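An overview of the molecular structure
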Amino acid sequence: MLLFALLVLSHATLGLPNADDVTIPPWVSTESQPTTTEASTSSLITTKKAENFDVRLSRALKPLHYLVKLQPFINGNFSIIGYMEVEMEVLEPTSNITLHISDIVTKNDTIRVYTSNQAQRRGLRIKKHEYDHGRQFYIAHLRKELQKGKTYILSMEFLGYLNDEMHGFYRATYKDVDGNTRHVAATQFQPTAARKAFPCFDEPALKATFEIHLARESGMTTLSNMPIAETVPVEGQEGWVWDRYEKSVPMSTYLVAFIVSDYVQINSTVNDRIAFRVWARQETIDQAEYANEVGPKILSFFEDYFNVSYPLPKMDMIALTDFSAGAMENWGLITYRESFLLYDAQVSTPVDKSITAEIVSHELAHQWFGNLVTPKWWDDLWLNEGFATYISYLGVDHVEPSWKTMETTLVEIVHNVFGLDSLESSHRISIPVSDPDEIFEVFDDISYNKGSSIIRMMTHYLTEATFRKGLNNYLKALTYNSSVQDDLWMHLTMAAHEDGILPQNVTVKMIMDTWTLQMGYPVIQVTRSPDGTSAILTQERFLLERSANSSNTTDYKWWVPLTYTTQSEANFNQTQASLWMKDSEDHITVSSLPPKDQWVIFNLQETGYYRVNYDDHNWNLIIQQLKKDHQVICPVNRGQIIDDAMNLARAGHLSYKIAIDVYAYLRKESEYLPWATGVNKLCYIESMFKRRSGFGALKRYLLDLVLPLYESVGFDNKIEDSFLEQQKRKIAVTWACKLGHKDCLDKVLTLYRHWMSHPDNTSIISPNLKATVCCHAIAEGGEAEWDFAWDQYITTSVATEKKLLLHSMSCTKQAWILSRYLEMAMNSGNGIRLQDAIYVLRAMSNNDVGRSLIWDYLTLNWNNIYTFKKRRRGDVMKRVTQTFNTKQELEKVQSFLRRRTVSLEGNQRNVQQAEEKVKNNVAWMDANYDVIVQWLEENGYSSKLRVV
């Protein structure tokens, strides 16, 4: 990130025009405004980050309306000439005006402050300009106080720069079909980068209306949140025009967006009222058809679901070549990375299609949850992201019901985030944050996936009808406003009491505070009586490993909605809570259970965000049922049973003998979700065994488990295969090749080499299996196979194909090729975009050969990694150390962290989690490796050589 003080003092070296040399065009003239300023140069104050560092603005002023005029020289020196006005209401008397500003050069002699009353407009004198770099503040110190209740306007001319860091107002590039380099100007403001484009009150609660003016060359196009109101020539600049946009609805600064490009579009409409357009490069516009098909359907669905109309007259979605996020929900102008919006049915995988649908749905859900009603501050980010994540799957289920998204994807999300939330270094959902680095850190699985998981739980215990009623009341009551989570709890409680769902003395806040204001989640221990007819239930926080400094897990208590069924009923559809375990109760007793020869299963369809453990007798009853007739138990709960058993064993709550015995039935399983869960849980054991002598035995066991599925689904795709059938085949082929099955490896090598002989034939390899085929062919091959993949990466115009090939090229076992690849990824200008380098690092971290290369690179270059990648360092650190499981490797990690020169800025939590996971791995090896080896030997999978 460019520092403001550096930018002011040496902006010429950064490609900015000198502030004193720029001729400000007539459109930023302020001759009609009174001359009020006394200072004409910047007074710089650099503030170090203190322990009580506060970046929040005073609440003395409330922004009402912005006028922003920007002329970006996208085909020139990348400078921006800017002008802004902000109208403010005075809530408390104050003698200064403080705005956020970053990477902007102000022309202080143009800054004006005056009353907004047109009839009695008068200027106020500015006695000093101050810049606080640490807080990213511009402060106008006034000679007189602003009066409470009155409105004033601050106006300013300034200079900016289209950076190449994918934050703020930045530049993206691409090559057209003729090989010419083209430039695009785009924005990414969330969470704190609107201040890089124009001075503003850059906090989510400080909403205002916006009138945006964008200057462009006549051959280009601009986009912003609202429709264009008029286009007029730029005075004195031939070939340039102004696009003036309609006044926006009240919104947060982080949702403002604008684009300057030469992109093309495809159009549709929603309910004959909303213009819907998808934009992309000319070369890729045909790949936008799927987004253009599902987007309007999902937007219409959300209007019905929320019972609140989409408030804007248009929706634009655009695919950008350079984009730091996956997508961004700017109101009326959603920006996407190309690989997340564009889909080519001939080349992209079925998963790519599902990702496009999910992300389109996620961003459209934000138009209500986040845009219409916005969290007051970033500590409630989860209200944005958790709700958008959960609601997005409703949208996908509406347009693609055969995918069973509400069962499969949501349950996989729960299983995924359970892993992170079972660490001591997890964090609560609603968490205090202050500076931008801390804000970036909460854009993680806890906010998105745990958030969506507890909302899913809430939907079931409140019932869908009551949940929607409360949401509708919340959105209508707080339209164009900001909120805290307690506002949502209040409206949901009112609906629950009206509908008789919750007793009058129980509120949603009482329940949900236990889930959002403390980290972690419970494991419910079910211990049945000797005759089986009753059970004692207790709860404690589930941790994968407890350290010597762990707080007592019984100190954590939740309000837990309990659901269960029995062998005689086997009704898995009743997901509204049958009873509650309160946070004040040490235990509860459940009676009226069946005799001891019949099983009970808790947490129906895994709608509750908790694990369940049983006594050994009930576990064995469940295992016997799975072996006898697994279809009696619903597929979601079959997946839950596998996930719970393996994680309970990993944490020492259950013997591995019982956990592995759960897998015995899997050879007969035909549903996708239990298989996906099953192999996912085995990944951990496989990664722990891989460098140990017992791996041969484990590999034999895993092949024995997976081959029946491989033989049943076959290697080749069929036209009639459903999405989930293809997903099952992908599991079978991936694991068969991963475990060295000769038939699988022969097939992938044959296919890949056939493709090498016919590089223009995109139909040789099924898109569903292409990732597996490419990875294993490159792993088994040499330089020729790798170089072919690189040539395909360079030539393809399909972003999803590029991403797949980036992953696949990380599979090579040739250390020198990996070293070359790493250098290419980490140095710009080598054909790999800045945003995509993270894919290479992550994928290489999963490669046994590449892991040490990534570790060496990270530890040697930690403090020198380029700005965008700095925020990703901790994530890569977690990935590269995820299979470390020896005391020597733990010492290596701890030694690195002890170095005083290591900066954890923006990465502290990720790095803490990396260290904790390695500690957990070491402890797991000590406790479980020999146990599992013994089980494998006892069951005929020994890897010992016969001694003559």
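Please read these numbers as outputs of a predicted model, since none were measured by experiment.

Take the overall build of the protein chain next. Assigned secondary structure in the protein chain consists of 28 helices and 31 strands. In terms of overall dimensions, the protein chain is globule-like: its C-alpha atoms have a radius of gyration of 29 Å, near the 30 Å expected for 948 residues. For the protein chain, the C-alpha atoms occupy an extent of roughly 95 × 70 × 60 Å along the three principal directions. Across the 948 residues that make up the protein chain, the buried fraction comes to 61%. The long-range fraction of contacts in the protein chain, counting pairs at least 24 apart against all pairs at least 6 apart in sequence, stands at 73%.

In total, this model carries two disulfides according to the counting rule given. Bridging C737 to C744, the disulfide has an S-S length of 2.0 Å. Disulfide C737-C744: torsion about the S-S bond near -95°, hence left-handed. The two residues C737 and C744 agree in class, both being buried. Disulfide pairing is shown between C775 and C811; the S-S distance is 2.0 Å. What sets the handedness of the C775 and C811 disulfide is the S-S torsion sign, and at about -105° it is left-handed. Of the two residues, C775 is situated in helix α19 (residues 770–780) and C811 in the loop between α21 (799–809) and α22 (815–826); the sequence distance between them amounts to 36 residues.

Once that is clear, we can look at unusual backbone geometry. The omega torsion of the bond from Q190 to P191 falls at 0°, within 30 degrees of zero and hence cis. For P191, the location among the structural elements is in the loop between β11 (181–188) and β12 (209–217). Of note, the phi angle at Y480 is positive, near 60°, even though the residue is not glycine. Of note, Y480 is situated in the loop between α9 (464–477) and β23 (481–483). Positive phi outside glycine occurs at E606, with the angle close to 45°. Structurally, E606 is set in the loop between β30 (600–602) and β31 (611–614).

This part takes up the side chain of N637. Looking at the element boundaries, N637 is found in helix α13 (residues 635–650). Polar contacts involving the side chain of N637 include one to the main-chain carbonyl oxygen of N603, which spans 3.1 Å. Dropping the residues within four chain positions of it, N637 is found in contact with F572, I601, F602, N603, L604, Q605 and E606.

Bringing the nonpolar core into the picture now. Among the nonpolar cores identified, the biggest contains 278 residues, and L154, F198, F387 and M458 are the most heavily contacted of them. When residues of this core are assigned to their parent elements, the largest contribution, twelve residues, is made by helix α16 (residues 695–713). For L154, the contacting residues outside a window of four places in its chain are M84, E85, V86, M88, I97, L99, I111, R112, V113 and Y138. Core analysis: the next-biggest nonpolar cluster, separate from the first, contains 26 residues, M166, L320, F323 and L333 among them.

What follows covers the layout of surface pockets. A probe as big as a water molecule, rolled over the atoms, marks out the empty space that is left. The computed volume of the second largest pocket comes to approximately 1100 Å³. Taken together, 40 residues form the lining of the second largest pocket, with T173, D322, G831, I832 and R833 sitting closest to its centre. Secondary structure elements with two or more residues in the lining of the second largest pocket: β10 (168–175), α3 (338–341), α20 (783–795), α21 and α22. If one sorts the elements of the lining of the second largest pocket by residue count, β10 sits on top with five residues.

In terms of residue burial, β11 counts as a mostly covered element, since six of its eight residues are buried. Looking at chain direction, β10 and β11 are connected through eight bridges and run antiparallel. Counterpart to K175 in the pairing with β11 is T181. The loop that links β10 with its antiparallel partner β11 comprises five residues; one of these, G179, has a positive phi angle of about 85°.

Counting buried positions along helix α23 (residues 837–845) yields nine of nine residues, so the element is predominantly enclosed. Every buried residue of α23 is listed here: A837, I838, Y839, V840, L841, R842, A843, M844 and S845.

This part is about the packing of α13 against helix α15 (residues 672–689). Packing of α13 against α15 leaves a shortest axis separation of 8 Å and a crossing angle of 15°. Classified by the angle their axes make, α13 and α15 are roughly parallel. Considering only the axes of α13 and α15, their crossing is right-handed. Of the residues in α15, those in contact with P635, V636, R638, G639, I642, D643, M646, N647 and R650 of α13 are L673, P674, T677, G678, K681, L682, Y684 and I685. Class assignment of the residues belonging to the contact of α13 with α15 gives a composition of nine nonpolar, four polar and four charged.

In the predicted model, the protein chain carries a mean pLDDT of 90, and the fraction of residues at 70 or more is 91%. Across residues 1–51, where pLDDT falls below 50, the model places 128 contacts with residues more than four positions away in sequence or in other chains.

This next bit is on empty space enclosed by the protein. Tallied over the entire structure, the rule returns eleven cavities of 30 Å³ or more. Volume-wise, the second largest cavity comes out at about 70 Å³. It is strand β4 (residues 94–100) that provides the largest number of residues to the lining of the second largest cavity, a total of four residues. Partitioned by chemical class, the residues of the lining of the second largest cavity number five nonpolar, four polar and no charged.

This part covers the packing of aromatic side chains. Tallied over the full model, the rule gives 53 aromatic pairs. Between F302 and W368, the ring centres sit 6.1 Å apart and the planes meet at 70°, which makes this aromatic pair edge-to-face. Residue F302 is found in helix α2 (residues 289–306), and its partner W368 is found in the loop between α4 (350–366) and β22 (373–375); the two are separated by 66 residues along the sequence. Here F302 and W368 have matching classes, each one buried.

It is worth spelling out the sheet that holds strand β19 (residues 314–320) at this point. One open sheet holds the five strands; their spatial order is β17-β18-β19-β21-β20, and the pairing between them is mixed. Strands at the two margins of the open sheet, each flanked by one partner only, are β17 (264–270) and β20 (327–328). Where β19 meets strand β21 (residues 333–337), five bridges bridge the pair, whose relative direction is parallel. By the bridge assignment, M317 is partnered in β21 with I334. Sheet strands in contact with α4 are β19, β20 and β21, and its direction is about 150° off that of β21.

Let us look at the packing of α23 against helix α24 (residues 848–861). Close contact between α23 and α24 brings their axes to 7 Å; oriented N to C, the two are set at 125°. If you check the angle between α23 and α24, you find them oblique. Across from L841, M844 and S845 in α23, the residues of α24 making contact are G850, R851 and I854. Its residues assigned to classes, the contact of α23 with α24 comprises three nonpolar, two polar and one charged.

Thresholds, definitions, all that
Residues numbered from 1 in each chain as written. Predicted model: local features only at pLDDT ≥ 70, side-chain atom pairs only at ≥ 80, totals over all residues. Heavy atoms only, no water. Helix = DSSP H or I, 4+ residues; strand = E, 2+ residues; numbered from the N terminus. Rg over C-alpha atoms; globule rule 2.2 N^0.38 Å. Buried < 20%, exposed > 50% of the residue type's maximum accessible area, 1.4 Å probe, protein only. Contact = heavy atoms within 4.5 Å. Disulfide = S-S within 2.5 Å. Polar contact = N/O pair within 3.5 Å; in protein donor to acceptor, adjacent residues only side chain to side chain. Core = buried A, V, L, I, M, F, W, Y, C linked by side-chain atoms within 4.5 Å. 1 Å grid on protein atoms, 1.4 Å probe; cavity = no way out; pocket = protein on both sides within 12 Å on 5 of 7 lines; lining within 4 Å. Points joined across faces, edges and corners; volume = space filled by probe spheres on them. Pairing = 2+ DSSP bridges. Axes fitted to C-alpha atoms, helices over the stretch in contact; angles between N-to-C directions. Parallel < 35°, antiparallel > 145°, perpendicular 65-115°, else oblique. Left-handed = near helix turned anticlockwise from the far one by under 90°. Nonpolar A, V, L, I, M, F, W, Y, C, P; charged D, E, K, R; others polar. pLDDT = per-residue confidence, 0-100. Phe/Tyr/Trp six-rings, centres within 6.5 Å; stacked < 30°, edge-to-face > 60°.

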